[in-house]
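Fold and geometry: a report
The chain contents come next:
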Amino acid sequence: MLNINPIKFISTNNIQNKYPKKQIGLKSDTFVRSSNNVSFKGCESADNNSFIKWAQETDFIKTQLPEILTNPNYKLGSGFSHSAYIIPGNKDYILRTPNMKVQKNYNFENADIKDTEDKDLNVNIGQEVASIEIPIEDGFPLHIQVLKKQNGKAIGVPPFQAISIEETGSLRKGELPYEALERKAQYASTIHEVAKLPVEAYEKLIDDIRAAEKAGYYFDHLNSNNLLIDEEKGSINLIDMDKNKLPANLGNVLYALTNINYFSTFSSQYDSCPMSNEEIGTAIKDTLQITDKFVQAMKNKGEKFNRDECSYEFFNFINSMPFSFYCHTGDYNMKWEVLEQKGVA
């Protein structure tokens, strides 16, 4: 049982009432009929690719794709470099394109669609299953990715680097300030939803991470938006995993699950949108519950944190205020002793 006497905890109803749901739907880079003239070269295995088979049967590229790319009603959202689109009549996939104006003279008749599905990957991580290339006479072709659709809303707030201009460090046009009330509400609301999930949801996340690892994929933990909460199914879904044979680091997963990178911004009393002690206390309580359930899931799965492979991000998580409360100590070495006592280090 988790008790933190110095801080009074209250329900998150306060922050939800203070910031209506319509305010906290932030855009993120997450996602989230092919005519006889369309080329399917490179698709010898098209019969085994459900999207390509569907695209052939429905004449998708010629009759639907041009409208999808030009009608804003089909856009799911945009990030720094890409936009995502729904596919009418197909709930299993989405489209992802570079952020560029679609030209009127793209040659949809001679589009090239290829099977890029990784047959070794047996778990949904929002991976690419096909690519579509639309040629143009006087420019670069338009490259479109077809991704498996993942359900859910993104956890937390992306790191400042993801919403700022690298050269200047200033926010990109259209981005809210990092300490904006909407961002703080997004953080508080989503980690509260994660905290409510059962231990089984965390166990499944670990299983998915390990399954993806076997196929050569690595979780990008720097952006908590790469984790989605599916409230309907009570699960945590993965997106935007990198093809990289680095070993999975569960400390990094916990770092992303708690969105601990944003906690100091959320709890700051020195910006224009300070939170109350009660709201900060609720965020800490939710972080403790996430940590406790993830640790229990690791123990159930026989997993352990590796101190010798502790990343900079997990080091910051261990030194965070919420984790100090969790371990009832601020001493770094004693915190690892607590994890050892819990059987996960």
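Preceding block: the structure.
Report follows, based on the coordinates. Within each chain, residues carry numbers counting from 1 in the order of the written sequence. The model is predicted, so local features are restricted to residues of pLDDT at least 70 and side-chain atom pairs to those at 80 or more, both for listing and for counting; the totals for chains, interfaces and linings are taken over all residues. In computing side-chain values, all of the structure's heavy atoms are included and hydrogens and water are not.

**A closer look at the pattern of salt bridges**
We apply this condition: By salt bridge we mean one thing: a side-chain nitrogen of Lys or Arg within 4 Å of a carboxyl oxygen of Asp or Glu. Burial status follows relative accessibility: with a 1.4 Å probe on protein chains alone, a residue under 20% of its type maximum counts as buried, one over 50% as exposed, and anything between as partly exposed. Put simply, DSSP marks the helices as runs of H or I at least four residues long and the strands as runs of E at least two long, and each gets a number from the N terminus on.
Counted according to the given criterion, the structure contains 13 salt bridges. Glu 175 is the partner of Arg 183 in a salt bridge, and the nearest nitrogen-oxygen pair spans 2.8 Å. Take Arg 183: its relative accessible area is 3%, and that puts it in the buried class. Relative accessible area serves as the criterion here: at 26%, Glu 175 is assigned to the partly exposed category. One salt bridge in this structure joins Glu 193 and Lys 196, with 3.3 Å as the shortest N-O distance. Within this pair, Glu 193 and its partner Lys 196 are both found in helix α6 (residues 181-196), separated by three residues, close to a single helical turn. When salt bridges that share partners are traced, they join Arg 172, Glu 175 and Arg 183 into one network.

**Observations regarding the environment of Lys 173**
Relative to the elements of secondary structure, Lys 173 occurs in the loop between α5 (160-163) and α6. For Lys 173, a relative accessible area of 86% translates into the label exposed.

**Section: the nonpolar core**
So the rule is basically this: As used in this record, nonpolar core signifies buried Ala, Val, Leu, Ile, Met, Phe, Trp, Tyr and Cys residues forming a set joined through side-chain atoms within 4.5 Å. Residue contacts are defined here by distance: any two heavy atoms, one from each residue, within 4.5 Å place the two residues in contact.
Of all hydrophobic cores here, the largest spans 59 residues; its most connected members are Tyr 187, Tyr 202, Leu 227, Leu 257, Phe 294 and Phe 305. Among the elements that take part in this core, helix α10 (residues 277-301) stands out by supplying nine residues, more than any other. Excluding anything up to four places from it in sequence, Tyr 202 contacts Val 194, Ala 195, Leu 197, Ile 236, Leu 257, Ile 290, Lys 293, Phe 294 and Ala 297. Membership of the second largest hydrophobic core comes to 26 residues, among which are Phe 51, Leu 65, Tyr 106 and Ile 134.

**Section: the packing of helix α7 (residues 199-214) against helix α8 (residues 250-258)**
Put simply, the test is: Helix axes use the C-alpha atoms of the stretch in contact, all axes being lines fitted to C-alpha atoms, and the angles between their N-to-C directions lie in the range 0 to 180 degrees. We call two directions roughly parallel when the angle between them is under 35 degrees, roughly antiparallel when it is over 145, roughly perpendicular when it lies between 65 and 115, and oblique otherwise. If you view the pair so one helix is near and one far, a crossing is left-handed when the near helix is turned anticlockwise from the far one by less than a right angle, and right-handed when it is turned clockwise. Note on residue categories: nonpolar means Ala, Val, Leu, Ile, Met, Phe, Trp, Tyr, Cys or Pro, charged means Asp, Glu, Lys or Arg, and polar means any other residue, Gly included.
With their axes 12 Å apart at the nearest point, α7 and α8 run at an angle of 130° to one another. Judged on the interaxial angle alone, α8 and α7 are oblique. Crossing geometry of α7 relative to α8 is assigned as right-handed. Facing Tyr 202, Leu 205, Ile 206, Ile 209 and Arg 210 of α7, the residues of α8 in contact are Leu 250, Val 253 and Leu 257. For the contact of α7 with α8, the residue count by class is seven nonpolar, no polar and one charged.

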